[in-house]
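# Structure at a glance
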Amino acid sequence: MGKLIVTDGSGQKQEFALVKERVSIGRHPDNDIALNDKAVSGRHAIIITILKDSFLEDLDSTNGTQVNGRTISKHPLTHGDEITIGRNVLRYEAEAGADDDFEKTMILKPGQFGAAFESQVQAATASAPVAPPAKPLLGKLRVVSGPNAGKELELSKALTTIGKPGVQVAAITRRADGYYIVHVGSDTGTKRALVNGAEINAQARRLSPGDVIELLGTQMNFVTG
């Protein structure tokens, strides 16, 4: 089972195992997780756990619920997510072995590989064309090979960087007219990801549904919907 490590405004910590299917969070003392904070609504949020997956839902609270600094209404929780409710921070820790191995090994988080590398990612993706504002269909990477076959990664962020620094890295940027993929790394000594069997480069390449991306020996289909 997953758990929440709650740190209140004074720095005191408590740990709550998500043993129930429905865990309530709020200021009223009869909540499963009661937060003594005037900025917290009486019935602020709930966490629904189905098997090993947990989902957070804000209950139209007065001051809202944030996950990793972003206000949410509903949110599927992943290991390490930090939920902010009033002056309280609730860190979600997934059950050992329950977090997504695909994301853990493939997805590079901002700040993970240094300022110089971050700058290169931004410079490379800046070449993607900008179209008039529109709302593109949500893109996903669906793993089709290896032990993580069947897993999916939603490309909901403006920029998703995947791979392993120094070995093989690609960045996928979400623009108004679709998704673009570029190679990130030095021109020599760094392997390039493949799209439909062809190497990508630092010139942004637009992805189409059904494209096959191969990175670090893993094949993924780009899909939208």
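Everything discussed here concerns the structure shown above.
Attention in this report is confined to the structure presented alongside it. All figures in this text were calculated on a predicted structure; none of them were measured in a lab. (Residues numbered from 1 in each chain as written. Predicted model: local features only at pLDDT ≥ 70, side-chain atom pairs only at ≥ 80, totals over all residues. Heavy atoms only, no water.)

Residues other than glycine seldom take positive phi values, yet D60 does so here, at roughly 50°. Secondary-structure assignment places D60 in the loop between β6 (53–58) and β7 (65–67). Judged by its relative accessible area of 76%, D60 is exposed. In this structure, L216 takes a positive phi of about 55° despite not being glycine. Examined against the element boundaries, L216 turns out to sit in the loop between β21 (212–215) and β22 (218–224). (Helix = DSSP H or I, 4+ residues; strand = E, 2+ residues; numbered from the N terminus. Buried < 20%, exposed > 50% of the residue type's maximum accessible area, 1.4 Å probe, protein only.)

Sheet architecture is open: 6 strands sit in the order β2-β1-β11-β10-β7-β8, paired in antiparallel fashion. The strands lining the two open edges of the sheet, one partner per strand, are β2 (13–17) and β8 (70–72). Along the sheet, successive strands turn relative to each other by an average axial angle of 30°, direction set aside. Strand direction decides the pairing type here: β7 and β8, joined by 3 bridges, are antiparallel. Looking across to β8, one finds that T65 is bridged to I72. (Pairing = 2+ DSSP bridges. Axes fitted to C-alpha atoms, helices over the stretch in contact; angles between N-to-C directions.)

With that out of the way, let us pick up the layout of surface pockets. Estimates place the volume of the second largest pocket at around 190 Å³. Mapped onto the lining of the second largest pocket, the elements with two or more residues apiece are β2 and β4 (33–34). For the lining of the second largest pocket, the leading source of residues is β2, giving 3 residues. Within the lining of the second largest pocket, the residues separate by chemical class into 5 nonpolar, 6 polar and 4 charged. (1 Å grid on protein atoms, 1.4 Å probe; cavity = no way out; pocket = protein on both sides within 12 Å on 5 of 7 lines; lining within 4 Å. Points joined across faces, edges and corners; volume = space filled by probe spheres on them. Nonpolar A, V, L, I, M, F, W, Y, C, P; charged D, E, K, R; others polar.)

Turning next to the sheet that holds β22. Taken together, the 6 strands give an open sheet; going across it, the order is β14-β13-β22-β21-β18-β19, and neighbouring strands pair in antiparallel fashion. The strands lining the two open edges of the sheet, one partner per strand, are β14 (152–154) and β19 (198–199). As paired strands, strand β18 (residues 194–195) and β21 are joined by 2 bridges and run antiparallel to one another. Note on β21: the bridge partner recorded for V195 is I213.

All chains considered together, the criterion is met by 8 salt bridges. Salt-bridge contacts for K3 lead to E15; the nearest nitrogen and oxygen are separated by 3.4 Å. Of this pair, K3 sits in strand β1 (residues 3–7) while E15 sits in strand β2, and the two are 12 residues apart along the sequence. Here E15 falls in the exposed class, since its relative accessible area comes to 53%. Two residues, K20 and D32, come together in a salt bridge whose shortest N-O distance is 2.7 Å. A residue pair is termed long-range when its members are at least 10 positions apart, and K20 in the loop between β2 and β3 (22–26) and D32 in the loop between β3 and β4 qualify at 12 residues. When salt bridges that share partners are traced, they join K3, E15, R91 and E93 into one network. (Salt bridge = Lys/Arg side-chain N within 4 Å of Asp/Glu carboxyl O.)

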